[in-house]
Amino acid sequence: MLCPNCGYENAETSRFCRQCGTSLSAIPVARTYDVAATGAPMSVEDAALQENLVTQPVQPHTPGMQPTSGTQPTNVDGSARVQSEPLAAGTNVEGYTVVELRDERGGNRTYRAEAPNDVCAQCGTPASDPNARFCEECGAELLPRDVLLVEQTGDQQNGTALVIDLPDEPIKALLPPVNAIEHAGKRYLVVEEVVPGWQSLAELLSGHGEAPNQPAALEDEDALPVALQLAQLMQYLHRNNLALGDLSLAQLLVGPQGRIRLRDAASIQHLTDATRQADLLQLHHTLEDLTRTPRETRKLDASTVEGHGGPPTSLQEVLTHARMGSLVDADAWVAALRAVADSRRAVVGFRTQVGALSHVGMVRELNEDSLVTIDLKLDTAGRPINAGLYVVADGMGGHEGGEVASSLAVQSMANVANTALLELTVDSADGLNDAQLNDLALQAAERANMAVYEESRRRNNDMGTTLTFALVVGDRCVVGNVGDSRTYLLRNGQFQRVSKDHSLVQRLVDVGQIQPDDMYTHPHRNAILRSLGEKPQVEVDLFPIRLQSGDIIFCCSDGQWEMVRDPRMSEIIQSHADLQAAAAQLVAEGNQNGGEDNITAVLVRFE
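Values in this document were obtained by computation on a predicted structure and should not be read as measured data.

What counts as what
Residues numbered from 1 in each chain as written. Predicted model: local features only at pLDDT ≥ 70, side-chain atom pairs only at ≥ 80, totals over all residues. Heavy atoms only, no water. Pairing = 2+ DSSP bridges. Helix = DSSP H or I, 4+ residues; strand = E, 2+ residues; numbered from the N terminus. Axes fitted to C-alpha atoms, helices over the stretch in contact; angles between N-to-C directions. Contact = heavy atoms within 4.5 Å. pLDDT = per-residue confidence, 0-100. Phe/Tyr/Trp six-rings, centres within 6.5 Å; stacked < 30°, edge-to-face > 60°. Buried < 20%, exposed > 50% of the residue type's maximum accessible area, 1.4 Å probe, protein only. Lys NZ or Arg CZ within 6 Å of the ring centre and 35° of its normal. 1 Å grid on protein atoms, 1.4 Å probe; cavity = no way out; pocket = protein on both sides within 12 Å on 5 of 7 lines; lining within 4 Å. Points joined across faces, edges and corners; volume = space filled by probe spheres on them. Nonpolar A, V, L, I, M, F, W, Y, C, P; charged D, E, K, R; others polar. Salt bridge = Lys/Arg side-chain N within 4 Å of Asp/Glu carboxyl O. Parallel < 35°, antiparallel > 145°, perpendicular 65-115°, else oblique. Left-handed = near helix turned anticlockwise from the far one by under 90°. Disulfide = S-S within 2.5 Å. Expected span 1.5 Å × (residues − 1). Polar contact = N/O pair within 3.5 Å; in protein donor to acceptor, adjacent residues only side chain to side chain.

A.B. asks: Where do I start with the sheet that holds strand β12 (residues 352-359) in this structure?
C.D. replies: Note: strands within a sheet are paired through backbone hydrogen bonds, in either parallel or antiparallel orientation. The strand order across the open sheet formed by five strands is β12-β22-β21-β18-β19, and the pairing between neighbours is antiparallel. Unpaired on one side and paired on the other, β12 and β19 (494-497) mark the two borders of the sheet. Taking each pair of neighbouring strands and ignoring which way they run, the sheet shows an average axis angle of 15°. Direction of pairing for strand β21 (residues 552-556) relative to strand β22 (residues 599-606): antiparallel, over a ladder of five bridges. Bridging from a neighbouring strand, Ile553 pairs with Val604 of β22. With respect to the sheet, helix α12 (residues 566-574) is in contact with β18 (486-491), β19, β21 and β22, its orientation differing from that of β18 by roughly 55°. Strand contacts of helix α13 (residues 579-592): β12, β21 and β22, with the helix running at about 25° to β12, the strand carrying the most contacts.

A.B. asks: Can you walk me through the confidence of the model for the protein in this structure?
C.D. replies: Low pLDDT means the predicted coordinates in that region are not meant to be read closely. With 82% of its residues at a pLDDT of at least 70, the protein reaches an overall mean of 82. Counting contacts from residues 61-82, a segment whose pLDDT is below 50, to residues more than four positions away or on other chains yields 27 contacts. In the predicted structure, residues 299-309 sits below a pLDDT of 50 and forms six contacts with residues beyond four places in sequence or in another chain.

A.B. asks: Explain the side chain of Gln229 to me, please; I cannot follow it from the model alone.
C.D. replies: Inspection of the secondary structure puts Gln229 in helix α3 (residues 220-239). Setting aside residues no more than four positions away along its own chain, Gln229 makes contact with Ile171, Leu174, Arg259 and Ile260.

A.B. asks: Before we go on, may I ask you to explain the packing of aromatic side chains in this structure?
C.D. replies: For any pair of aromatic rings, the description rests on two quantities: the centre-to-centre distance and the angle between the ring planes. Applying the stated criterion to the full structure yields five aromatic pairs. Relative to Phe554, the ring of Tyr488 lies with its centre 5.8 Å away and its plane at 25°, an arrangement referred to as stacked. With a gap of 66 residues between them, Tyr488 in strand β18 and Phe554 in strand β21 connect regions that are remote in the sequence. In this structure Phe554 comes out as buried when scored by relative accessible area, which is 0%. Ring centres of Phe495 and Phe554 lie 6.4 Å apart, and the angle between their planes is 35°; on these two criteria the pair is classed as tilted. One end of the pair, Phe495, is in strand β19; the other, Phe554, is in strand β21, with 59 residues separating them in the sequence. Of the two residues, Phe495 and Phe554, both sit in the buried class. Among the aromatic residues, those joined into a cluster by ring pairs are Tyr488, Phe495 and Phe554. Positioned above the aromatic ring of Trp561 is the side chain of Arg486, whose terminal nitrogen or guanidinium carbon lies 3.4 Å from the ring centre. Sitting over the ring of Tyr520, Arg565 keeps its end group 3.7 Å from the ring centre.

A.B. asks: How should I be thinking about empty space enclosed by the protein in this particular structure?
C.D. replies: Empty space among the atoms becomes visible once a probe the size of a water molecule is rolled across them. In this structure the tally under the stated criterion is five cavities of 30 Å³ or more. If you add up the space inside the largest cavity, you get close to 40 Å³. Lining the largest cavity we find Asn108, Val150, Glu151, Gln152, Ala161, Arg187 and Leu189. Only β4 (145-152) and β6 (186-192) provide two or more residues apiece to the lining of the largest cavity. Among the elements that take part in the lining of the largest cavity, β4 stands out by supplying three residues, more than any other. A breakdown of the residues in the lining of the largest cavity according to their chemical character gives three nonpolar, two polar and two charged.

A.B. asks: Is there a simple way to think about the pattern of salt bridges in this case?
C.D. replies: Should their charged atoms come close, side chains of opposite charge can pair. Within this structure, the stated rule accounts for 24 salt bridges. Between Arg530 and Glu539 there is a salt bridge, and its shortest N-O distance comes to 3.8 Å. By sharing partners, the salt bridges in this structure join Glu104, Arg109, Glu151 and Lys186 into a single network.

A.B. asks: Please explain the packing of α3 against helix α7 (residues 330-342) as it appears in this structure.
C.D. replies: Each pair of packed helices gets described by two things: the angle between the helix axes and the distance between those axes. Remark: α3 packs on α7, axes separated minimally by 9 Å, with the N-to-C direction vectors making an angle of 150°. Taken together, the axes of α3 and α7 are roughly antiparallel relative to one another. Here α3 and α7 pass one another in a crossing that is left-handed. Residues Leu224, Ala227, Leu228, Ala231, Gln232, Met234, Gln235, His238 and Arg239 of α3 form the contact with α7, whose own contacting residues are Ala330, Asp331, Trp333, Val334, Leu337, Arg338, Val340 and Ala341. Grouping the amino acids of the contact of α3 with α7 by side-chain chemistry returns eleven nonpolar, three polar and three charged.

A.B. asks: Teacher, can you tell me more about the environment of Ser206 here?
C.D. replies: With respect to the helices and strands, the residue Ser206 is situated in the loop between α2 (201-205) and α3. C-alpha separation for the pair Ser206 and Ala217, spaced eleven residues apart in sequence, amounts to 9.6 Å.

A.B. asks: What am I meant to see in the pairing of strand β5 (residues 178-183) here?
C.D. replies: Regular strands have side chains that alternate between both faces of the sheet. As paired strands, β5 and β6 are joined by six bridges and run antiparallel to one another. By the bridge assignment, Ala180 is partnered in β6 with Leu189. Joining the antiparallel neighbours β5 and β6 is a turn of two residues, in which Ala184 adopts a positive phi near 55°.

A.B. asks: Where do I start with the state of the cysteines in this structure?
C.D. replies: By definition, a disulfide links the sulfur atoms of two cysteine residues through a covalent bond. Evaluated as defined, the whole model comprises zero disulfides. With no disulfide of its own, Cys555 lies closest to Cys556 among cysteine sulfurs, the gap being 7.8 Å.

A.B. asks: Looking at this structure, how should I read the sheet that holds strand β1 (residues 92-93)?
C.D. replies: Spatial strand order, β1-β2-β3-β4-β6-β5: six strands in an open sheet with antiparallel pairing. In this open sheet, the two edge strands, each paired with only one partner strand, are β1 and β5. Where strand β3 (residues 108-115) and β4 come together, eight bridges link them in antiparallel fashion. Looking across to β4, one finds that Glu114 is bridged to Asp146.

A.B. asks: Sorry if this is basic, but what is going on with α13 here?
C.D. replies: An α-helix turns once every 3.6 residues. As a result, residues three or four positions apart point the same way. Between the first and last C-alpha of α13 there are 20 Å, a value that for 14 residues agrees with the 20 Å anticipated at 1.5 Å per step. Among all positions in α13, only Leu579, Ala582, Ala583, Leu586, Val587, Glu589, Gly590 and Asn591 are buried. Lining the buried residues of α13 we find β12, β21, α11 (558-561), α12 and β22. Measuring from the side-chain oxygen of the N-cap residue of α13 to the backbone nitrogen of Gln580 gives 3.0 Å; that N-cap residue is Asp578. Phi turns positive, to about 130°, at Gly594, one or two residues after α13.

Dropping the structure here:
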C-alpha cells in the first residue's frame, strides 16, 4: 500500500505509514491511545498528592498470608524461597538491554531496560520494517525508550504477572499493556515505563479547586465515564477471579481523548471475599474523591430509602445507593452507572397513537373524572421527535367540587407542561437527563395541587382529586400518581401496573392483612390516603420508564380497573389495532360489569 503523503511502500495490512505516520485507511482512523499506559513507579510528587488529597488504598487482610519484609520472598510458613541471581547490567534479553535492577519484592524482580526501537510504546506492535519510523498499527512514532522487565522469582503469580493471561476484551485496555518474552528458560513481562500524554488524575486535579491547594472536583458529566470504566474493569477482573487493589486517583492515568488507564498492575491480586469487599469500598471512596463528595456518616430514615428505590439518575445518587449498601458487587455498580449513562444518551423518537374516553358510568349522576392528552410532533433538521402528556384525574367532592378539582388539575398540568415539553424536545438532540423530566413532572403536579388547594380554600369545601399521568419525550417517560388512579405498561404481551395506589386497601395488601383480590370487594376500598388539594404541598410518586417500540401506556381511574380486572383489560387492549376502539370497549365492559363509578381510559402506543 503506497502512502498518499510520502509514497513509501507499506504492507497491505498497515493502517499507518511506517515512514511518515500518515493514516492509510480509506476512513481516517483515530490513534488508539487506549492501549497505552505507564508502568512507572509512583513519582514523589504523585505520592505526596496521594497522601494529602486522595483516599489511601484499602488493604484487606487475607487469612493464611503472612507479611514479608526486605527483598527476600518467603513461603506461607515463613521460610525463604530459593532464588537465582539477578541479571547483570548490560544483559540482553531478547533485544531488551538491562540497565539496572529497580525493585525486588513480592516474588518479582523489576528491571529498567532499554527497549528496541522497532517495538511500539503505544500498542506494543513490533515493526516489520527495521527502518520504520512510525507504527503501522496505531501511527505512534517509534522512539528509543526505557521499559520495565518483570522477572517472576516466586512460586505464586501476583501483580503484573496476573494480567498477561487475562482474556482479550475491550475493557482490558484499561490495564497497562503487558507483553511476555522468553529468555533462558524464564518468562519476562515487558511493561512500558513512560508513554507521553498520560497524567495521573491526582496531579491533574491538584490545586485547581475553589480554595488554594485544594483539588478540583469533576462534575457528574465528566466523572460518569470514568466511574463506569472503573466499575467495568472491576467487573472484568472479578469475573476472572482477580481483585484490583489500588484504585486511588494517583494510580489512575488520563490520556488523549480522555481515556483512563491504571498506572501499573502491581496491586492486582487473587480474588477472595476480603479483596472483593476491599475493591468495592475502594471504588466508592475513589469516586467520592473524584467528585469531592463529603464522606460523612449519617442516618438514613425510611423516607430516604424509599426515595432512592428507583434507578439512579446521577452519579451522586449512585453514591447514595452505595452508602445504603445496595451495591453489593461489581455487577450492581455497573448496572447503576449504566442506568445513569443511559439516562443521558440521545433521545429516540417514536410515532404515537392515542385513544381516550371518559364516561359517567351507570350509577353516578355526575362525571367527576377529567382527562387531557397532549401529543406533540416536532421535526427539526429532519429529526422527528415526539413529546406528550397524558393525564387522568378522578375528582372528589360532588357537584362544584370533584369535577372542578379534576378539571383544575388536568388544566394546570397541561399549562405547565406544554411550553416546557417543547423546550425539552428541542434540547433532546444532545441527550436528556431523566432528572430533567422528573423535575418537570414534579413541577406540573405541584402546580396542579396548588390550584386545587387554593380553589378549595376559596370555596370553603373539601374538594380534591387523584392524579395519574405519563410525561414523555421520545423514549423517555416518567409516570406519576397521587391516589388510586393507575398507570399500566403493556410490553411484549406483559401487562404490569407501574403506579402504586395510595389507598387503605393497598396498605392492607402491603402488610399482608388482605389478599390483592380482596381490594375489589373490601368495604373500605374507596378510602384513599393521598390526594391533590388537601395540603399546600403534595407528595408525588414518580416511576421512570425507558420506552420501547410497541409499548402501550394505559392511564385510568379506579372506576375502570375496579370494574374490569387486569387480565381482561390486557386482552381488550391487545385485541385492537385502533386504540380509540380499545378505549371504547374498556369503558363499555366497565359499564356492563356495573359501572359503579365514573370510568376514564387513556391509551398511548409508541412505534
